[in-house]
Amino acid sequence: MPVFLKMSVSITFIRTFARVLLPFSQNRKRRVLYSTTLQRYMSSKTPAVSYPSKESTSTEQLELDGWKTTMKSGVQEEVSVVSSTNDEDPLAATRELIEMWRLLGKEVPEHISEEELETLMECVSKSSKKKYLRYLYVKEKMKKAKQMKKEMKAAAKEKAKNDQLLETTKENKQQNFLFLRLWDRNMDIATGWKGAQAMQFGQPFVFDMAYDSYMKPRELQNAVSQLLESEGWNRRNVDPFHIYFCNLKTDSPFYRELIKRYGEKWNKLLLTATEKSHVDLFPKDNIIYLTADSPNIMTTFKHDKIYIVGSFVDKNMQPGLSLAKAKRLSLATECLPLDRYLQWDIGTKNLTLDQVTRILLCLKNTGSWEEALKFVPKRKHTGYLEISQHSQEFVNRVKKPKTINSFPRGSRKIYTQKR
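Draft legend 1. Seen up close, the overall build of the protein chain. Summing up its helical and strand segments, the protein chain has 15 helices and 8 strands in all. With 419 residues in all, the protein chain has 26% of them scored as buried. Across the protein chain, every contact between residues at least 6 apart in sequence was considered, and the portion connecting residues at least 24 apart equals 75%. Accessible surface computed for the protein chain: about 31,900 Å², of which carbon and sulfur atoms make up 57%.

Draft legend 2. Just the packing of aromatic side chains, in detail. For the structure on display, the rule yields 12 aromatic pairs. Geometrically, the ring pair formed by Tyr 132 and Tyr 135 is tilted, given 6.3 Å between the ring centres and 35 degrees between the ring planes. Pair noted here: Tyr 132 and Tyr 135 are both in helix H5 (residues 126-174), with a separation of 3 residues, about one helical turn. On the basis of relative accessibility, which here comes to 18%, the residue Tyr 132 falls in the buried class. Judged by relative accessible area, Tyr 135 falls into the partly exposed class, the value being 48%.

Draft legend 3. Up close: the packing of helix H3 (residues 90-103) against helix H4 (residues 114-122). Packing of H3 against H4 brings their axes to within 10 Å, and their N-to-C directions diverge by 85 degrees. Relative to H4, the element H3 is oriented roughly perpendicular. Between H3 and H4, the contacting residues are Pro 90, Leu 91, Thr 94, Arg 95 and Ile 98 on the first element and Glu 114, Leu 117, Leu 120 and Met 121 on the second. Of the residues contributing to the contact of H3 with H4, the split by class is 6 nonpolar, 1 polar and 2 charged.

Draft legend 4. A look at the pattern of salt bridges. Taken as a whole and assessed by the stated rule, the structure comprises 10 salt bridges. Note that Lys 364 and Asp 239 form a salt bridge whose closest N and O atoms lie 3.7 Å from each other. Within this pair, whereas Lys 364 is found in helix H12 (residues 353-365), its partner Asp 239 is found in the loop between helix H7 (217-236) and strand E2 (242-246), the two being separated by 125 residues in sequence. Under the relative-accessibility criterion, Lys 364 is labelled buried at 11%. Across the pair Lys 374 and Glu 371 runs a salt bridge, and its minimum N-O distance is 3.3 Å.

Draft legend 5. Structural context of the sheet that holds strand E4 (residues 287-290). The sheet built from 6 strands is open, its strands ordered E3-E2-E1-E5-E4-E6 with parallel pairing. What marks the edges here is a single partner per strand, and that holds for strand E3 (272-273) and strand E6 (332-334). The pairing of E4 with strand E5 (residues 306-310) spans 4 bridges and is classified as parallel. When the sheet's bridge partners are listed, Ile 287 is paired in E5 with Ile 306.

Draft legend 6. Geometry of the pairing of strand E1 (residues 204-208). Of all 5 residues making up E1, 5 are buried, and the element is well covered by its neighbours. Every second residue of E1 is oriented toward a common face, with Pro 204, Val 206 and Asp 208 on one face and Phe 205 and Phe 207 on the other, all of them buried. Here E1 pairs with E2 via 5 bridges, running parallel. Bridging from a neighbouring strand, Asp 208 pairs with Cys 246 of E2.

Draft legend 7. Molecular detail of the side chain of Ser 230. On the secondary structure map, Ser 230 appears in helix H7. On the accessibility criterion, Ser 230 (0% relative accessible area) is buried. A polar contact of 3.3 Å, which involves the side chain of Ser 230, links it to the side chain of Thr 357. The residues contacting Ser 230, other than those within four sequence positions of it, are Phe 207, Ile 243, Leu 353, Asp 354 and Thr 357.

Draft legend 8. Broad picture of unusual backbone geometry. If you check the backbone angles, Asn 247 has positive phi at about 60 degrees while not being a glycine. Here Asn 247 lies in the loop between E2 and helix H8 (253-262). Not every positive phi belongs to a glycine, and Ser 330 is a case in point at roughly 60 degrees. Mapped onto the fold, Ser 330 is located in the loop between helix H10 (321-328) and E6.

Draft legend 9. Seen up close, the confidence of the model for the protein chain. Looking at the protein chain, the pLDDT average stands at 75 and 63% of residues meet or exceed 70. Overall, residues 45-52 carries pLDDT values under 50, and its contacts beyond four positions in sequence, including any with other chains, amount to 1 contact. Contacts of residues 401-419 to residues separated by more than four positions or lying in other chains number 1 contact, the stretch itself having pLDDT below 50.

Draft legend 10. The arrangement of the pairing of E5 in detail. A large share of E5 lies buried, amounting to 5 of its 5 residues. On E5, burial covers both faces: Ile 306, Ile 308 and Gly 310 on one face and Tyr 307 and Val 309 on the other are all buried. Pairing geometry for E1 and E5, over 4 bridges, is parallel. Its bridge partner being in E5, Val 206 is matched across the sheet by Ile 308.

Draft legend 11. Just H12, in detail. Here H12 contains 13 residues, and its C-alpha end-to-end distance of 19 Å stays within 8% of the 18 Å for a straight helix at 1.5 Å per residue. In terms of burial, H12 is a largely internal element, 11 of the 13 residues being buried. Next to the buried residues of H12 lie E1, H7, E4, E5 and helix H13 (369-372). After H12 finishes, the residue Gly 367 shows a positive phi value of roughly 75 degrees.

Parameters and conventions
- Residues numbered from 1 in each chain as written.
- Predicted model: local features only at pLDDT ≥ 70, side-chain atom pairs only at ≥ 80, totals over all residues.
- Heavy atoms only, no water.
- Helix = DSSP H or I, 4+ residues; strand = E, 2+ residues; numbered from the N terminus.
- Buried < 20%, exposed > 50% of the residue type's maximum accessible area, 1.4 Å probe, protein only.
- Contact = heavy atoms within 4.5 Å.
- Areas by Shrake-Rupley, 256 points an atom, 1.4 Å probe, with all protein chains shown as cover.
- Phe/Tyr/Trp six-rings, centres within 6.5 Å; stacked < 30°, edge-to-face > 60°.
- Axes fitted to C-alpha atoms, helices over the stretch in contact; angles between N-to-C directions.
- Parallel < 35°, antiparallel > 145°, perpendicular 65-115°, else oblique.
- Nonpolar A, V, L, I, M, F, W, Y, C, P; charged D, E, K, R; others polar.
- Salt bridge = Lys/Arg side-chain N within 4 Å of Asp/Glu carboxyl O.
- Pairing = 2+ DSSP bridges.
- Polar contact = N/O pair within 3.5 Å; in protein donor to acceptor, adjacent residues only side chain to side chain.
- pLDDT = per-residue confidence, 0-100.
- Expected span 1.5 Å × (residues − 1).

Take a look at the structure:
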């Protein structure tokens, strides 16, 4: 009986506590259930990770530490080698740096000189070095583009030249020439033949070379240049003169300068160079000394006379020197009619030797002063004067057409009425 009472009392006591603890136990079971289901769901979504044991982690950590130590030692060796090389040769180190930047794809030039390397080494910061290398890169690129453009232009020019040559060869093949071409050699032969004819049958034209002592070396050189021009124009003319260099001494400055200019061609020139005076070669009655100081004005060109021109540049010479010499030798003198045909503006009326030669050649071939005086420099005059009355009447008489009927007006009508 007492045992039963004790059991009943304990049961009742436990029942009261069970009523209080039951909800907590149920909630815990629910939480455990929820956690287990969540773990199963996550394990199905993510791969399983196997966690190494303590022994494996320790061995792997030892291997990683050894690898780190070996790599650090290798890097230190490389750094020491690079530092030693840099200490020995900084230019080589700079070149290695440029090569490394080139491999990394940065804008660096392909070729760099020693001076540019020294300039690069003087740059303090890394950015300044990069800027300088980029400047050299752009400069090299522009140079390559310019060279490529030049080569393309030369190739195009060569191609155009070849195409033109092919076209000319085709045209030459298609055409049938009636005459032979006059090459340079043939032209030389033709001019030589004219010069040889002039030496035999041509009208003499004399340059008086006795004025070398009155000129300075510079003026003498100018005079020789004008003589060369005169000889060239005369050689290319249709009807050339027979040129004489009179009073040309072999020891004179004129002779030395002519030999210096002509060289080996001096002995092949178709002209006469002599030490004799023009008075000894020609009669005085046939000589006319052309000088700007002469009071006698030249009206027409005389084909039977021998014209003489003084070979000098009279910039600083005394006026009337050639006129005095001509009077001393009792020679006739004339001057070109520049005031009669030209409106003289500025400068002196002294012309150069080659201009006088061209004027006389034109007068010899055409006889027209208007054509001949075209060789006077236009800077010295403002134009031509009006043609004189005598020459105007002559031109009108030449231009007047010839008529068959020579009767005056009204006379023919009277004659018909009488008939």
